[in-house]
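Residue-level structural notes
Residues per chain, in single letters:
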Amino acid sequence: MASFSRINYVFGVLLFLVLACEARVPRNEAFVRTRGAHFFLHGSPFLFNGFNSYWMMHVSADPGERYKVSEVFREASAAGLTVCRTWAFSDGGDNALQISPGHYDELVFQGLDFVISEARRYGIRLILSLVNNYNDFGGKSQYAQWARNAGVQINNEDDFYTHQVLKDYYKNHIRRVVTRFNTITKISYKNDPTIMAWELMNEPRCQADYSGKTINGWVQEMATFVKSLDKKHLLEIGMEGFYGDTMPERKQVNPGYQVGTDFIFNNLIREIDFATIHAYPDMWLSGKSDNEQMAFMERWMSSHWNDARGILKKPLIIAEFGKSSKDPGYSLTARDLYMGDVYRDIYRFARTGGTMSGSLVWQLMAQGMDSYHDGYEIVLSQNPSTAGIMSRQSHAMTALSRLFNGPHAHPARQNHNKLGKTR
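Along each chain, residue indices are assigned from 1 in the same order as the chain's sequence is written. Local features in a predicted model are, by the rule used here, given only for residues with pLDDT of at least 70; side-chain atom pairs are given and counted only at 80 or more, and totals for whole chains, interfaces and linings are based on all residues. The side-chain values count all of the structure's non-hydrogen atoms but skip hydrogen atoms and water molecules.

Selection rule: UniProt positions are given in the numbering used here, feature names are shortened, and annotations may be inferred rather than shown by experiment.
Going by what an unreviewed UniProt entry lists, the protein chain is known as mannan endo-1,4-beta-mannosidase and is assigned to Forsythia ovata. The UniProt entry for the protein chain carries the following comment under Catalytic activity (unreviewed entry): "Random hydrolysis of (1->4)-beta-D-mannosidic linkages in mannans, galactomannans and glucomannans." If you open the UniProt record of the protein chain and go to Sequence similarities (unreviewed entry), you find "Belongs to the glycosyl hydrolase 5 (cellulase A) family."

Below, the structure written as structure tokens:
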């Protein structure tokens, strides 16, 4: 994890003026990079434990509520969590970031500025997602409705992936976010190493084409566009991990259905720097026993880990997982056991070379956020047993990073210099 101490001014007025320039990144910070199937930070392997808190910009749009963002970052940092995934979108509706195509609420944008500045303060890297597949906070359906309102003929919301008007709306949003100048840190987003990566979409799905080809064309176009604006940050798709037509035999790993994505085909795109999977066996295999759901989880992780290191040759993270309190027979003990088992497997896979690089639990919240509860919420200050499990995983992954970087590193570490140019 990078150090986020204050800039030392003792080198004189000239150096001060240079460092004050918004495009200059402080000397003690670095961008997270990839080399082959591994993340690197400051030239050393980077393995992590992290979390989701999608609500941060929405809440911090109200300055009186920003303490909740600070509280979560403070508690997460104390537990050793170093990566957070959150939304950089809110399209239409109440308290929207993007009120209509190309029109933004500056106060909401300043809320996102605050989220980034607080992450920076607590030494936490951010993965910022740029649009939703679902209707929550607008999503692709809002983009389709905006086009209809403008008199454009739209067949369905999956036109988001193919219709030029919708694609232009989305590209404009990408440009506005990526090139945003942070009013608090005085650093443009594209120059801020606090941001670890951009995410094209939260859980892209396409009912119009289950092969994954439509999504693939969209990912290629949008990934190329993002990289044309920002070559410093990493980029990922936001996929759940469903297999498609590229390797039909892999479809048996899916939880009984497809969603229009192809984990292998889509993630092979050169501009995509790392792969993600999400995992909700409690929803996908509803009615199955805890043992059956855990067995699925192990297969899901193992299959994607093998494909990430053997075919994609890119890092893999579990970007969403959790256990809902709304599940039949739920108990805090059952959730802790489940999280402990998942963390154990992540660590076991990570030990074999580091391709499985980390995970982001869904999701952390502050106290007094009952209206945001979805069953998966974790308030670290109110759940000491869960906080302990997460903290132990954080320290285990950090220790593993150091082991890979030490004089007696894992044999896989010895191959890092052969893995090609760092992205």
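Brief notes about the overall build of the protein chain
Short version of the rule: Runs of E in the DSSP output that reach at least two residues are strands. Runs of H or I that reach at least four are helices, and both are numbered from the N terminus. Classification of residues uses two cut-offs on accessible area relative to the type maximum, computed with a 1.4 Å probe and protein chains only: under 20% is buried, over 50% is exposed, and between them is partly exposed. Here, two residues are considered to be in contact whenever any of their heavy atoms come within 4.5 Å of each other.
Counting its secondary structure elements, the protein chain contains twelve helices and 13 strands. Residue burial in the protein chain is summarised as follows: out of 423 residues, 60% are buried. Of all intrachain contacts in the protein chain linking residues separated by at least 6 positions in sequence, the fraction that spans at least 24 positions is 75%.

Considering the pairing of strand β5 (residues 83-87)
What counts, and what does not: Between any two strands, pairing holds if DSSP finds at least two bridges.
Judged by how many residues are buried, β5 sits mostly within the fold: five of five residues are covered. Covered by surrounding structure in β5 are V83, R85 and W87 together with C84 and T86, the residues of both alternating faces. Bridge count for strand β4 (residues 48-52) against β5 is three bridges, and the pairing is parallel. Paired with F51 across the two strands is C84, which belongs to β5. Bridge count for β5 against strand β8 (residues 125-129) is five bridges, and the pairing is parallel. Counted as the bridge partner of C84 is L126 from β8.

Focus: the packing of helix α10 (residues 290-312) against helix α11 (residues 332-351)
How we decide: Between N-to-C directions, angles span 0 to 180 degrees; the directions come from axes that are lines fitted to C-alpha atoms, helices contributing only their stretch in contact. In what follows, roughly perpendicular refers to angles from 65 to 115 degrees, roughly parallel to angles under 35, roughly antiparallel to angles over 145, and oblique to any angle outside these ranges. Rotating anticlockwise by less than a right angle from the far helix to the near helix defines a left-handed crossing, while the corresponding clockwise rotation defines a right-handed one. Under the scheme applied here, ten amino acids are nonpolar (Ala, Val, Leu, Ile, Met, Phe, Trp, Tyr, Cys and Pro), four are charged (Asp, Glu, Lys and Arg), and all others, including Gly, are polar.
Put simply, α10 and α11 touch, their axes get as near as 11 Å, and they point 20° apart. In this view, α10 runs roughly parallel relative to α11, as classed from their interaxial angle. Along this stretch, α10 crosses α11, giving a crossing that reads as right-handed. Side by side, α10 and α11 meet where M294, M297, E298, M301, S302 and W305 of the first sit next to Y338, D341, V342, R344, D345, I346 and F349 of the second. Class assignment for the residues of the contact of α10 with α11 results in eight nonpolar, one polar and four charged.

With respect to the packing of aromatic side chains
Keep this limit in mind: Aromatic rings from Phe, Tyr and Trp, with only the six-membered ring used for Trp, were paired whenever their centres fell within 6.5 Å, and each pair was classed as stacked if the ring planes differed by under 30 degrees, edge-to-face if by over 60, and tilted otherwise. Throughout this description, the term charge over a ring refers to an Arg CZ or Lys NZ atom that lies within 6 Å of the ring centre and within 35 degrees of the ring normal.
In total, this model carries 28 aromatic pairs according to the counting rule given. Centroid distance Y280 to Y376: 5.4 Å. Interplanar angle 75°. Geometry classified as edge-to-face. Taken together, the residues Y280 in the loop between β11 (275-279) and α9 (281-284) and Y376 in the loop between β13 (356-362) and α12 (384-405) connect sequence positions 96 residues apart. The pair formed by Y280 and Y376 is uniform in burial state, with each residue classed as buried. Three or more aromatic residues joined by ring pairs form one cluster here, namely Y143, W146, F160, Y161, Y170 and W218. One Lys or Arg, R309, reaches over the ring of W305 and ends 4.0 Å from the middle of that ring. Lying across the ring of Y338, K323 places its NZ or CZ 5.7 Å from the centre.

Remarks on the sheet that holds β5
Strand pairing in a sheet relies on backbone hydrogen bonds, with the paired strands running either antiparallel or parallel. With parallel pairing, the eight strands of this open sheet are ordered in space as β10-β9-β8-β5-β4-β13-β12-β11. Edge positions in the sheet fall to β10 (234-236) and β11, since each has one partner strand and no second. In this sheet, adjacent strand axes meet at a mean angle of 25° when their direction is disregarded. Here four bridges tie β8 to strand β9 (residues 195-199), and the two strands are oriented parallel to one another. Residue pairing in the sheet places L126 in a bridge with I195 of β9. Relative to the sheet, helix α4 (residues 106-121) contacts β5, β8 and β9, its axis offset from that of β8 by approximately 155°.

Here's the deal with the pattern of salt bridges
The condition that has to hold: Basic side-chain nitrogens of Lys or Arg form a salt bridge, by our definition, when they fall within 4 Å of a carboxyl oxygen of Asp or Glu.
Enumeration according to the criterion identifies 20 salt bridges in this entry. R180 is paired through a salt bridge with D113; the nearest N and O atoms lie 2.7 Å apart. Here R180 is found in the loop between α6 (164-178) and β9, whereas its partner D113 is found in helix α4, with 67 residues between them in sequence. There is no split in this pair, since R180 and D113 are both buried.

Examining α11
Heads up, the rule is: To estimate how far a helix should extend, the number of its residues minus one is multiplied by 1.5 Å.
With 20 residues, α11 extends 28 Å from end C-alpha to end C-alpha; this agrees with the ideal 28 Å at 1.5 Å per step. All of the buried residues along α11 are A334, R335, D336, Y338, M339, V342, Y343, D345, I346, F349 and A350. Those residues of α11 that are buried lie in contact with β4, α9, α10, β12 (316-321), β13 and α12. Note on α11: the residue one or two positions beyond its end, G353, has a positive phi of about 95°.

What about the sheet that holds strand β2 (residues 38-41)?
The antiparallel open sheet is built from three strands, whose spatial order is β1-β2-β3. Every interior strand has two partners, whereas the edge strands, β1 (33-35) and β3 (44-45), have only one. Note that β1 and β2 share three bridges and pair antiparallel. Counted as the bridge partner of T34 is F39 from β2.

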